[in-house]
Amino acid sequence: MNKILVVDDHSIVRHGIIRILEEKSELNAVCDGATTSQETMTKLLASKYQAVLLDISLAGESGLDLLCQIRQALPSLPVLIVSMHPEEQYAMPALRLGAAGYLTKVSAPDVFVDAVSLVLSGKRYISATVAECLADNLNSNNKSLPTHEDLSPRELQVLLMIGSGKSPTEIGNELALSVKTISTYRSSLLKKMGLKTTAELIKYAIVNKLVC
């Protein structure tokens, strides 16, 4: 029996994924759910799971931060990222942090099953889009990686929200952080990326196709 933890703070999505996985006899899966980082780590440390399906955007939290926690505590446990965001935005950072694969929530049920089957067998799930991103990185030879790939998970999250046009207040409310903290992240982003204004951050996000 393969015990799988599905981490998503949207009840309908979480239960939908669980139903898809448990209905496929070839997976031999029994699923459990979690909605926060704390609940996730408590369950993972209390029981043995064969895989985790992790949403990248939890309420007030970054799934990439949680991915780092899981990888540190349980380095052999495969974590498959499941997100509403396109692969171009988060897949490469997630894979670099140790994710076993990256799925979008619009993927067909059969794709979910195939991806979970792969990670349960110890392999990685790489979609055609992610494979193209990997190829692009290899073809860049000695060129440096895009600046955003050197950011921390939280910095990347703030960059994407700035790029989508959200104000510091809106970002702070969504991430449960103060406006002052968001301003600190903004200053850090500008310094790390060699930019001077919020407008340049937005332009960077658009040019690099980090926002739709």
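Structure: see above.
Report follows, based on the coordinates. Values in this document were obtained by computation on a predicted structure and should not be read as measured data.

1. Concerning the environment of G172
Turning to step 1, where the next piece is worked out: In this structure, G172 sits in helix α8 (residues 168-175).
Turning to step 2, where the next piece is worked out: Of the residues examined, G172 reaches a relative accessible area of 3% and is grouped as buried.
Turning to step 3, where the next piece is worked out: For the pair G172 and P86, spaced 86 residues apart in sequence, the C-alpha to C-alpha distance is 23 Å.
Turning to step 4, where the next piece is worked out: Other than its neighbours up to four places away in sequence, G172 contacts L177 and I182.

2. Section: the side chain of Q157
Turning to step 1, where the next piece is worked out: With respect to the helices, strands and loops of the structure, Q157 is situated in helix α7 (residues 153-163).
Turning to step 2, where the next piece is worked out: By relative accessible area, which is 7% here, Q157 ends up buried.
Turning to step 3, where the next piece is worked out: Apart from residues lying up to four places away in sequence, Q157 is in contact with E61, S62, Y90 and L175.

3. Some points on empty space enclosed by the protein
Turning to step 1, where the next piece is worked out: What the rule picks out here adds up to one cavity of 30 Å³ or more.
Turning to step 2, where the next piece is worked out: Here the largest cavity defines a volume of roughly 30 Å³.
Turning to step 3, where the next piece is worked out: I56, S57, S62, G63, L64, Y90, P153 and Q157 are the residues that line the largest cavity.
Turning to step 4, where the next piece is worked out: If you list the elements that add at least two residues to the lining of the largest cavity, you get α3 (63-73) and α7.
Turning to step 5, where the next piece is worked out: Residue classes in the lining of the largest cavity are distributed as four nonpolar, four polar and no charged.

4. Describing the pairing of strand β1 (residues 2-7)
Consecutive side chains along a regular strand alternate between the two faces of the sheet.
Turning to step 1, where the next piece is worked out: Two strands pair when backbone bridges link them, and β1 and strand β2 (residues 29-34) are joined in this way by six bridges, in the parallel orientation. Bridge assignment links V7 to a residue of β2, and that residue is A34.

5. A look at the sheet that holds strand β3 (residues 51-55)
Either a parallel or an antiparallel arrangement is found when strands of a sheet pair, and the pairing is made through backbone hydrogen bonds.
Turning to step 1, where the next piece is worked out: Ordered by their spatial adjacency, five strands build an open sheet running β2-β1-β3-β6-β7, and the pairing between neighbours is parallel. The sheet is open, and its two edges are formed by β2 and β7 (101-104), each paired on a single side. Pairwise comparison of adjacent strand axes, ignoring direction, gives a mean angle of 20° for this sheet.
Turning to step 2, where the next piece is worked out: Looking at chain direction, β3 and strand β6 (residues 79-83) are connected through four bridges and run parallel. Counterpart to D55 in the pairing with β6 is V82.
Turning to step 3, where the next piece is worked out: Its contacts with the sheet place helix α1 (residues 11-23) against β1, β2, β3 and β6, and it is angled at close to 170° to β2.

6. Quick word on the side chain of E155
Turning to step 1, where the next piece is worked out: Note on placement: E155 falls in helix α7.
Turning to step 2, where the next piece is worked out: A distance of 2.9 Å separates the side chain of E155 from the backbone nitrogen of S152, its partner in a polar contact.
Turning to step 3, where the next piece is worked out: A distance of 2.8 Å separates the side chain of E155 from the side chain of K192, its partner in a polar contact.
Turning to step 4, where the next piece is worked out: Leaving out residues up to four positions away in the same chain, E155 has contacts with Y185, S188, L189 and K192.

7. Some details on the pattern of salt bridges
Turning to step 1, where the next piece is worked out: Summed over all chains, the structure comprises eight salt bridges.
Turning to step 2, where the next piece is worked out: Across the pair R19 and E23 runs a salt bridge, and its minimum N-O distance is 3.0 Å. Taken together, the residues span about one helical turn, with R19 and E23 both in helix α1 at a distance of four residues.
Turning to step 3, where the next piece is worked out: Judged by relative accessible area, R19 falls into the exposed class, the value being 58%.
Turning to step 4, where the next piece is worked out: Taking the shortest distance from any N to any O, the salt bridge between D32 and K43 comes out at 3.2 Å. Placement of the pair is D32 in strand β2 and K43 in helix α2 (residues 37-46), with a sequence separation of eleven residues.
Turning to step 5, where the next piece is worked out: In this structure D32 comes out as partly exposed when scored by relative accessible area, which is 25%.
Turning to step 6, where the next piece is worked out: Residues participating in the shared-partner salt-bridge network are D8, D55 and K105.

Rules of the game
For every chain, the first residue of the written sequence is number 1, and numbering continues from 1 onward in sequence order. In keeping with the model being predicted, local features are shown solely for residues with a pLDDT of at least 70 and side-chain atom pairs are shown and tallied solely at 80 or more, while totals for entire chains, interfaces and linings include all residues. The side-chain figures draw on all heavy atoms in the structure; neither hydrogens nor water molecules are used. Secondary structure is summarised from DSSP: a helix means a run of H or I of at least four residues, a strand means a run of E of at least two, and numbering begins at the N terminus for each. Here the term buried applies to any residue with accessible area under 20% of the maximum for its type, exposed to any over 50%, and partly exposed to those in between, with areas from a 1.4 Å probe on protein chains only. Contacts are assigned to residue pairs with any non-hydrogen atoms lying within 4.5 Å of each other. Two kinds of site are reported from a 1 Å grid over the protein atoms alone, namely cavities, where a 1.4 Å probe fits but cannot get out, and pockets, open sets with protein on both sides within 12 Å along at least five of seven lines, and residues are called lining when an atom falls within 4 Å of a point. Grid points are joined across faces, edges and corners, and a volume is the space filled by probe spheres set on the points. Under the convention adopted here, Pro, Cys and the residues Ala, Val, Leu, Ile, Met, Phe, Trp and Tyr are nonpolar, Asp, Glu, Lys and Arg are charged, and Gly plus all remaining residues are polar. Note on pairing: DSSP must find at least two bridges between two strands before they are called paired. Fitting a line to C-alpha atoms yields each axis, with helices limited to the stretch in contact; the angle taken between N-to-C directions then spans 0 to 180 degrees. In protein, a polar contact requires one atom able to donate a hydrogen and another able to accept it; more generally it is a pair of N or O atoms within 3.5 Å, and residues adjacent in sequence count only if both atoms are side-chain atoms. Salt bridges are defined by distance alone: a side-chain nitrogen of Lys or Arg within 4 Å of a carboxyl oxygen of Asp or Glu.

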